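Commentary on secondary and tertiary structure
The chain contents come next:
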Amino acid sequence: KFNDARNRIQIISGTDIKGTPEFFKAYAKLYIKQNDNLQAIGWLRQAINANPLDDEVVFMLAEILLKTHKYDQATSLVNKAIELDPSNPTYRIAYAKIIHETQDATSAIGYLLSLDTEFPDNPEILSEVAILYYRNGQIKDFEEIKSRMEKLPGKDKTLYSFLIK
């Protein structure tokens, strides 16, 4: 699949699409799938330079930096993604993960719980809160959030995947 995707992108590179933000983004995704962070970062930076308002690309770069524990750079990019699309809870969850890594679980939980008015009963956010409670040994709080989640019409697989592990 990787070679097929690379061949398709090379074919596209002979068209007018070459040099567009979508072209850079396609190459970045290709290298992300191959776990080649160095190449992916280069293509993502080109995509951002070509279209600095693409919150998805900004966040893709932030995710790589978060995985490689470059929290200062990741924080800056996550904040930019939030600024570009404040209604995306995934960006907020990533920010909470940075808080957890750079500060503590209690601060990350507090941040996520503060989002409840903006994103009421969001299963993704509640799932992250439950996971942090569980990891922090706050089992009673974990059970409360889990119970709240089970009453929601929409489910998020993150919590259940975590519990299976």
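Above this text is the structure in question.
So, here is what we can say about the structure in this document. (Residues numbered from 1 in each chain as written. Predicted model: local features only at pLDDT ≥ 70, side-chain atom pairs only at ≥ 80, totals over all residues. Heavy atoms only, no water.)

Considering the overall build of the protein
Note the cut-off: In DSSP terms, a helix is any run of H or I states spanning at least four residues, a strand is any run of E spanning at least two, and both are numbered starting from the N terminus. Here the term buried applies to any residue with accessible area under 20% of the maximum for its type, exposed to any over 50%, and partly exposed to those in between, with areas from a 1.4 Å probe on protein chains only. Between two residues, a contact is recorded if the distance between any of their heavy atoms is within 4.5 Å. Accessibility throughout is a Shrake-Rupley quantity obtained with a 1.4 Å probe, and a residue counts as covered only by protein chains that appear here.
Counting its secondary structure elements, the protein contains 10 helices and 0 strands. Helices (α) and strands (β) of the protein occur, in sequence order from the N terminus, as α-α-α-α-α-α-α-α-α-α. Counting all 165 residues of the protein, 42% fall into the buried class. For the protein, restricting intrachain contacts to residue pairs at least 6 apart in sequence, the fraction spanning at least 24 positions comes to 46%. Carbon together with sulfur atoms contributes 50% to the accessible area of the protein, which is approximately 9700 Å² in total.

Concerning the environment of Y133
Inspection of the secondary structure puts Y133 in helix α8 (residues 123-135). Take Y133: its relative accessible area is 10%, and that puts it in the buried class. Counting along the chain gives 27 residues from Y133 to T106, while the straight-line C-alpha distance between them is 8.5 Å. If near-sequence neighbours (up to four positions away) are discounted, Y133 is found in contact with I109, L113, Q138, D141, F142 and I145.

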